Each structure stands twice: as C-alpha cells, then as structure tokens.
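Structural overview
So the chains spell out like this:
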Amino acid sequence: MPIFEYKCNLCEKDFERLVFLGEENNIACPECKNKDVFKKMSASSFMGNSIGKCATSSPKGFS
Ligand SMILES: [Zn+2]
C-alpha cells in the first residue's frame with residue numbers, strides 16, 4: 001500500500017498518508033481539514049528490491 005507525502009496548500013503542513021485505491025483525490029489536511037493539498041511523489045515506499053529482477057534474469061532453454 002503506497003504512502004504518499006502531502007503538503008497542505010493552506011497551512012503548509014507536511015504530512016504522510018496511506019492512500020487506498022480511489023482515495024487519492026479525497027485527502028484532507030489533518031490540521032485544518034482543507035482538501036487543497038499537494039501530493040509530493042515520494043518514492044520512499046517503493047525502494048524495495050524488486051527492481052531489475054524480471055527483465056534480466058529470464059531463464060532460457062524453456063523447451
Ligand atoms: Zn492544512
């Protein structure tokens with residue numbers, strides 16, 4: 001489940017939210033409940049070890 005960083009456009013608070021599917025346009029600031037927030041595309045929750053595993057190591061000699 002992705003965690004995104006947001007910044008409120010009203011009170012300028014930075015906050016993180018676990019965002020469920022379809023909810024990302026309905027995020028409110030925890031401070032002032034304002035929904036005019038700016039999503040900062042944080043990659044921190046995607047820094048796993050899944051990069052480059054599929055593309056380069058496909059086994060040959062399948063048949
Ligand atoms: Zn706010």
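A quick note: this is a predicted structure, and the numbers were derived from the prediction, not measured.

Take the coordination of the zinc ion next. Protein ligation of the zinc ion involves Cys 8 (SG), Cys 11 (SG), Cys 29 (SG) and Cys 32 (SG), the donor distances falling in the range 2.2 to 2.4 Å. For the zinc ion, the four donor atoms in the first shell make angles of 106 to 121° at the metal, a pattern classed as tetrahedral. Read in sequence order, the donor residues coordinating the zinc ion give the pattern C-x2-C-x17-C-x2-C. Pair noted here: Cys 11 is in the loop between strand 1 (3–8) and strand 2 (14–18) and Cys 32 is in the loop between strand 2 and strand 3 (37–40), with a separation of 21 residues, a long-range link.

Within soluble globular proteins, side chains that are nonpolar generally end up buried alongside one another. Phe 4, Tyr 6, Cys 8, Phe 15, Val 19, Ile 27, Cys 29 and Val 37 form the largest nonpolar core, which has eight residues in total. The element contributing the most residues to this core is strand 1, with three residues. In contact with Tyr 6, other than residues within four places in its own chain, are Lys 13, Asp 14, Phe 15, Arg 17, Val 19, Glu 24, Ile 27, Val 37, Phe 38, Lys 39 and Lys 40.

Per the stated rule, a full pass over the model turns up five salt bridges. Between Asp 14 and Lys 7 there is a salt bridge; the shortest N-O distance is 3.7 Å. Here Asp 14 falls in the partly exposed class, since its relative accessible area comes to 42%. On the accessibility criterion, Lys 7 (27% relative accessible area) is partly exposed. In this structure, the salt-bridge partner of Asp 14 is Lys 40, at a minimum N-O distance of 3.1 Å. Placement of the pair is Asp 14 in strand 2 and Lys 40 in strand 3, with a sequence separation of 26 residues. According to the relative accessible area criterion, Lys 40 is partly exposed, its value standing at 28%.

About the cut-offs
Residues numbered from 1 in each chain as written. Predicted model: local features only at pLDDT ≥ 70, side-chain atom pairs only at ≥ 80, totals over all residues. Heavy atoms only, no water. Donors = N, O, S within 2.8 Å, 3.2 Å for Na, K, Ca; no water. Tetrahedral: all angles 85-135°; square planar, octahedral: opposite > 155°, others 65-115°. Helix = DSSP H or I, 4+ residues; strand = E, 2+ residues; numbered from the N terminus. Core = buried A, V, L, I, M, F, W, Y, C linked by side-chain atoms within 4.5 Å. Buried < 20%, exposed > 50% of the residue type's maximum accessible area, 1.4 Å probe, protein only. Contact = heavy atoms within 4.5 Å. Salt bridge = Lys/Arg side-chain N within 4 Å of Asp/Glu carboxyl O.

By themselves, these are just geometric observations and shouldn't be taken as functional.
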